[in-house]
Amino acid sequence: LMARELGDEYREGGFTVIEPAAFGGRVRSYDAFSAGSGERLESFAAGYPAKKPMNFGGVLFTPDARELMSRHVAALAGSREALAQAYEERIRAIEARHEDEIASYRARLDDQIREDLRLERMIESLQEESAKERDSLRKRYEEELARLNTEYEKCLEELERRRALERRPADVRLIADWAEKEFGGRLIMHERAKDLLSGLRPGEWDAGLICDALEFLASDYRDKLMGLISDDAMRENCSRKYGRPFDVARLNFSSVQAAMKEYKIKYYPDRNGKPSDSLLDLHLRVGNTSEDLLRIYFLFDSEKKLVVVGSLPRHLPTMSYR
């Protein structure tokens with residue numbers, strides 16, 4: 001193969017030197033058996049690189065390597081700055097994007113907070129309205145319940161009054177016993193009053209009017225004296241129950257001096273514990289003529305809270321009435 005490629009330049013048993021194509025590509029042969037051929041070959045090889053440009057491809061000598069490294073370092077610095085700038089821009093873009101997202105979330109959060117506040121105010125308003133409505137309903141309920149209780153009490157009072165009216169005697173001579181049974185603990189009839197009633201003739205006096213007057217003294221008038229009701233309430237009750245007013249007044253002592261004995265009964269105990277003369281200082285007045293005349297003379301025992309009737313139904317004598 002070598003002989004075929006080199007042709008005449010090839011010699012068996014010798015040395016063949018093939019130069020690179022960059023340096024001409026010459027082929028040299030040296031006879032191995034000739035004298036001095038070895039020295040010539042060695043001299044040729046040792047001096048061959050002289051004055052020949054060498055290209056070592058990717059291999060650099062120290063100065064070139066340092067220069068290249070400097071250029072690479074400069075390029076790398078520029079690239080690093082560009083890279084840093086690029087990353088900073090990316091970071092700013094990301095931050096801007098997140099800022100937009102954060103602003104969007106913040107806006108949504110603000111909207112939600114405003115909506116929550118609106119709902120809270122609405123709830124508070126509804127709760128306030130509910131409380132007001134509840135209080136209003138409770139007040140109306142309590143007022144209605146009070147009204148119904150008042151009506152119920154009035155109905156019971158009216159029912160009791162009707163029953164009481166049915167128990168009233170038609171005979172004036174039975175009024176004393178009826179009054180003491182009906183108004184026990186509130187009104188008593190003195191023996192003198194009992195005697196006066198028992199001496200009346202049936203139909204001589206209006207029994208209903210006398211019973212009304214005694215009931216008034218034992219209930220509303222007594223309650224007024226005890227401070228349980230006002231004058232207005234007393235008059236209102238009197239009008240509602242009896243359809244008329246009853247007038248109660250203290251005696252005018254100057255007009256009864258001549259008949260003072262008629263205005264006294266044995267009631268309050270003296271120092272010995274015996275009933276002594278006690279003045280009937282109050283009297284109930286109805287009418288001024290003999291046809292509608294009624295007088296009930298009594299005293300009020302404030303200690304026992306008791307109305308003590310001493311004389312009825314006639315008018316006792318005065319300076320102007322005999």
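Now for a quick tour of the structure. The structure displayed is predicted, hence computed values, not measured ones.

**Focus: the packing of helix α4 (residues 175-182) against helix α6 (residues 207-225)**
One can describe the packing of α4 onto α6 by two numbers: an axis separation of 11 Å at closest approach and a directional angle of 30°. Taken together, the axes of α4 and α6 lie roughly parallel to each other. The way α4 lies across α6 gives a crossing that is right-handed. Contacts from I175, W178 and A179 in α4 reach A207, I210, C211 and L214 in α6. Here the residues of the contact of α4 with α6 are counted per class, giving seven nonpolar, no polar and no charged.

**Some thoughts on the side chain of R295**
Along the polypeptide, R295 turns up in strand β8 (residues 294-301). Of the residues examined, R295 reaches a relative accessible area of 6% and is grouped as buried. Engagement of the side chain of R295 in a polar contact is seen with the backbone oxygen of G287, the distance being 3.1 Å. With residues near it in sequence (within four places) discarded, R295 still touches H283, L284, R285, V286, G287, N288, S311, L312, P313, R314 and H315.

**Structural notes on the sheet that holds strand β7 (residues 282-286)**
Spatial strand order, β3-β9-β8-β7-β4: five strands in an open sheet with mixed pairing. At either margin of the open sheet sits one strand with a lone partner, and together these are β3 (187-189) and β4 (247-250). Taking each pair of neighbouring strands and ignoring which way they run, the sheet shows an average axis angle of 30°. Sheet analysis places β3 next to strand β9 (residues 306-311), joined by three bridges and oriented parallel. Along β9, the bridge assignment pairs L187 with V307.

**Describing a negative patch on the surface**
Residues E95, E99, D100 and E101 make up a contiguous surface patch of negative charge. With respect to the helices and strands, the residue E101 is situated in helix α3 (residues 62-167). You can call E101 partly exposed: its relative accessible area is 35%.

**Regarding the nonpolar core**
In terms of nonpolar packing, the biggest core is built from 36 residues, with L187, M189, L214 and V309 touching the most fellow members. When residues of this core are traced back to their parent elements, those giving at least two are α4, β3, α5 (191-198), α6, α7 (231-242), β7, β8 and β9. With 10 residues, the top contributor of residues to this core is α6. For M189, the residues in contact, after removing those within four places along its chain, are A176, A179, E180, K194, L197, L214, V309 and L312. Core analysis: the second largest hydrophobic core is formed by 13 residues, V256, M260, Y267 and L299 among them.

**A few points about the packing of aromatic side chains**
Applying the stated criterion across every chain, the model contains seven aromatic pairs. Here F216 and Y221 contribute two aromatic rings whose centre-to-centre distance is 6.1 Å and whose plane-to-plane angle is 45°, an arrangement assigned as tilted. Pairing Y221 with F298 gives two aromatic rings, centres 5.9 Å apart and planes at 85°, and the pair type is edge-to-face. Note that Y221 is positioned in helix α6 and F298 in strand β8, a separation of 77 residues in sequence. Clustering of aromatic rings is evident, with ring pairs tying together F216, Y221, Y242, F246 and F298.

**Considerations on the pattern of salt bridges**
When the charged atoms of two side chains lie near each other, side chains of opposite charge can form a pair. A complete count under the given rule lists 22 salt bridges for this structure. Among the ionic pairs, E180 bridges to K194, the shortest N-O distance being 3.3 Å. Note that E180 is positioned in helix α4 and K194 in helix α5, a separation of 14 residues in sequence. With a relative accessible area of 21%, K194 lands in the partly exposed category. With a shortest N-O distance of 2.8 Å, R314 and E204 are connected by a salt bridge. Highlighted residues: R314 in the segment after β9 and E204 in the loop between α5 and α6, separated in sequence by 110 residues. Linked by salt bridges that have partners in common, E144, R147 and E151 make up one network.

**With respect to unusual backbone geometry**
In this structure, P313 follows L312 across a cis peptide bond, with omega equal to -5°. With respect to the helices and strands, the residue P313 is situated in the segment after β9. Of note, the phi angle at K305 is positive, near 55°, even though the residue is not glycine. Tracing the backbone through its elements, the reader meets K305 in the loop between β8 and β9. Given a relative accessible area of 38%, K305 falls into the partly exposed group.

Parameters and conventions
- Residue numbering note: each chain is counted from 1, following its sequence as written.
- A pLDDT threshold of at least 70 governs which residues receive local features in this predicted model, and a stricter bar of 80 or more applies before side-chain atom pairs are shown or counted, although totals over entire chains, interfaces and linings include all residues.
- Water and hydrogen atoms play no part in the side-chain values, which are based on all heavy atoms of the structure.
- Working convention: axes come from line fits to C-alpha atoms, limited for helices to the stretch in contact. Angles between N-to-C directions cover 0 to 180 degrees.
- Only DSSP runs of H or I covering at least 4 residues are called helices, and only runs of E covering at least 2 are called strands; the numbering of each starts at the N terminus.
- Angle categories are assigned with fixed cut-offs, so that under 35 degrees is roughly parallel, over 145 is roughly antiparallel, 65 to 115 is roughly perpendicular, and the rest are oblique.
- A clockwise turn of the near helix away from the far one marks a right-handed crossing, whereas an anticlockwise turn of less than a right angle marks a left-handed crossing.
- Any two residues whose heavy atoms approach within 4.5 Å are treated as being in contact.
- Three classes are used: nonpolar for Ala, Val, Leu, Ile, Met, Phe, Trp, Tyr, Cys and Pro, charged for Asp, Glu, Lys and Arg, and polar for all others, with Gly counted as polar.
- Accessibility here uses a 1.4 Å probe with only protein chains present; expressed as a share of the type maximum, an area under 20% marks a residue as buried, one over 50% as exposed, and anything in between as partly exposed.
- Nitrogen and oxygen atoms within 3.5 Å of one another constitute a polar contact, given that in protein one can donate a hydrogen and the other can accept it, and given that sequence-neighbouring residues count only through two side-chain atoms.
- When DSSP locates at least two bridges between a pair of strands, those strands are taken to pair.
- Here the term patch refers to residues with relative accessible area over 30% and no salt bridge, with like charges joined within 9 Å and nonpolar side chains (Val, Leu, Ile, Met, Phe, Trp, Tyr) within 5 Å.
- In this description, accessible areas are obtained by the Shrake-Rupley approach with a 1.4 Å probe, and a residue is regarded as covered only by the protein chains that are shown.
- Each salt bridge in this description consists of a side-chain nitrogen of Lys or Arg and a carboxyl oxygen of Asp or Glu lying within 4 Å of one another.
- Only four residue types enter the charge count, namely Lys and Arg as positive and Asp and Glu as negative; His and the chain termini do not.
- Here the site of a charge means NZ on Lys, CZ on Arg, CG on Asp, or CD on Glu.
- Put simply, a nonpolar core is a bunch of buried Ala, Val, Leu, Ile, Met, Phe, Trp, Tyr and Cys residues held in one set by side-chain atoms that sit within 4.5 Å of each other.
- Stacked, tilted and edge-to-face are the three classes assigned to paired rings of Phe, Tyr and Trp, where Trp is represented by its six-membered ring and a pair needs centres within 6.5 Å; plane angles under 30 degrees give stacked, over 60 edge-to-face, the rest tilted.

Interpretation note: all reported values are geometric properties and have no functional meaning in isolation.
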